[in-house]
Amino acid sequence: MRLTVLGSGTGWFRVDRSSPSYLLSIGDFHILLDLGPGSLRQLIKLGLTLNDVSCIFISHFHPDHTTDLIPFFFATRYNLGFTRSEKVYLVAHESFVSFYDGLKSAFGSWIEPKEGLIEYVLIPDRDFFEVELRGLKLRTAKVNHNPESLALRVEHQGKSLIYSGDTGYSENLIKLAQGGDLLVVECANGKDVYVPHHLGPEDVARIAELSRVKRVLISHLYPHSEPVPVELIKKEYSGEVFVAEDFMTLEI
C-alpha cells in the first residue's frame with residue numbers, strides 16, 4: 001500500500017496545505033480518504049484522473065472533508081471525459097443518505113451519477129464495524145467529533161493503515177489502531193489553543209503509544225498547530241513520527 005497526502009490542512013485555506021484528503025493506493029485500486037475542497041485538483045497533479053478513483057471514504061460531513069464530492073459527482077456526468085465502467089465504492093456513516101439528500105436539494109440531478117456507478121457501503125451506527133471490499137478488510141470505529149464521525153483501518157496482505165479523521169481523544173481509536181503500521185492522525189490543537197473534539201500533541205503521543213502503532217503521520221494542521229512539537233511527542237511515543245506535507249508519499 002502507498003499513501004499520498006493530497007491535503008494536510010484544514011478548513012482554513014493556505015497556499016502550502018490543501019484541505020484534508022489522502023490517496024491510498026493498492027496497485028491500481030485507489031481510495032480517497034475524504035474530499036476537501038481542491039482534493040480533485042491535487043489528484044490530477046499526480047497524473048491520475050477521476051476515472052482512476054475506485055473508492056471514497058468520508059469520515060464525517062464537515063465541508064473541509066466533503067466539498068469536492070459535489071464536483072466529483074457532477075464530473076461523472078461528463079461522458080466525453082468520465083469513461084469509467086467499474087463501480088466506485090463510497091464508504092460513509094449510514095446518515096450519508098440524509099446528507100446526500102440535502103446536497104441534491106441544492107444541486108438537483110446534476111450531482112446524480114449514472115445509475116449503477118456508485119456502490120454505497122453504509123456503516124451502521126456502532127462503535128466498531130468490519131466489511132470486506134475487493135480483498136481489503138475495512139474496519140471502522142466511531143470517534144469523538146460529529147455524531148457520524150468515523151475512523152478507518154484498511155488491512156491488506158498483513159499491512160495496515162489507520163486514518164483518524166477528525167476526533168478528540170478516543171479509546172475507540174486506540175483499539176482500532178492496535179499494532180498498526182501507519183496511523184494518519186489529526187493534530188489540530190496547538191500549544192496555546194485547545195478545542196474540544198480535536199487532538200493536541202499530548203493526545204497524539206498517548207494514542208500512538210497505547211495503540212502500539214509503528215509510525216505516525218501528523219496532519220490536519222492549522223497555522224496555530226505549527227510548529228508541531230515532534231520532540232514532545234517522541235518523549236512518550238517510541239515509534240517514528242512524521243509531519244505531513246502535501247504530496248508526501250509513504251509506503252506501507
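Residues numbered from 1 in each chain as written. Predicted model: local features only at pLDDT ≥ 70, side-chain atom pairs only at ≥ 80, totals over all residues. Heavy atoms only, no water.

Peer 1: Run through the side chain of Ser149, naming residues and quoting values.
Peer 2: Structurally, Ser149 is set in the loop between strand S8 (136–142) and strand S9 (150–156). With relative accessibility at 1%, the residue Ser149 sits in the buried group. Side-chain polar atoms of Ser149 contact the backbone nitrogen of Asn146, separated by 2.8 Å. If near-sequence neighbours (up to four positions away) are discounted, Ser149 is found in contact with Ser59, His60, Ala141, Lys142, Val143 and Asp166. (Helix = DSSP H or I, 4+ residues; strand = E, 2+ residues; numbered from the N terminus. Buried < 20%, exposed > 50% of the residue type's maximum accessible area, 1.4 Å probe, protein only. Polar contact = N/O pair within 3.5 Å; in protein donor to acceptor, adjacent residues only side chain to side chain. Contact = heavy atoms within 4.5 Å.)

Peer 1: Describe helix H6 (residues 201–211), naming the residues involved and giving the relevant values.
Peer 2: Among all positions in H6, only Pro201, Asp203, Val204, Ala205, Ile207, Ala208 and Ser211 are buried. Looking at the buried positions of H6, the neighbouring elements they touch are helix H5 (171–176), strand S11 (182–186), strand S12 (215–219) and helix H7 (230–236). One or two steps after H6, the chain reaches Arg212, where phi turns positive at roughly 60°.

Peer 1: Residue-level account of the pairing of strand S1 (residues 2–7), with values.
Peer 2: A regular strand places its side chains so that they alternate between the two faces of the sheet. When you tally the buried positions in S1, you get five out of six residues, the bulk of the element. In this structure, S1 lies alongside strand S2 (residues 21–26), joined through five bridges in antiparallel fashion. For Thr4, the partnering residue across the bridge sits in S2 and is Leu23. Examined bridge by bridge, S1 and strand S14 (residues 249–251) share three bridges and lie antiparallel to one another. Residue Arg2 lies in a different strand from S14, and its bridge partner there is Glu251. (Pairing = 2+ DSSP bridges.)

Peer 1: How would you summarise the pattern of salt bridges if you had to cite specific residues and measurements?
Peer 2: Within this structure, the stated rule accounts for 13 salt bridges. A salt bridge links Arg14 to Asp16, with the nearest nitrogen and oxygen atoms 3.4 Å apart. For Glu226, the salt bridge goes to Arg17, with nearest N and O atoms at 2.8 Å. Note that Glu226 is positioned in the loop between S12 and H7 and Arg17 in the loop between S1 and S2, a separation of 209 residues in sequence. Through salt bridges that share partners, Arg14, Asp16, Arg17, Glu226 and Glu245 make up one connected network. (Salt bridge = Lys/Arg side-chain N within 4 Å of Asp/Glu carboxyl O.)

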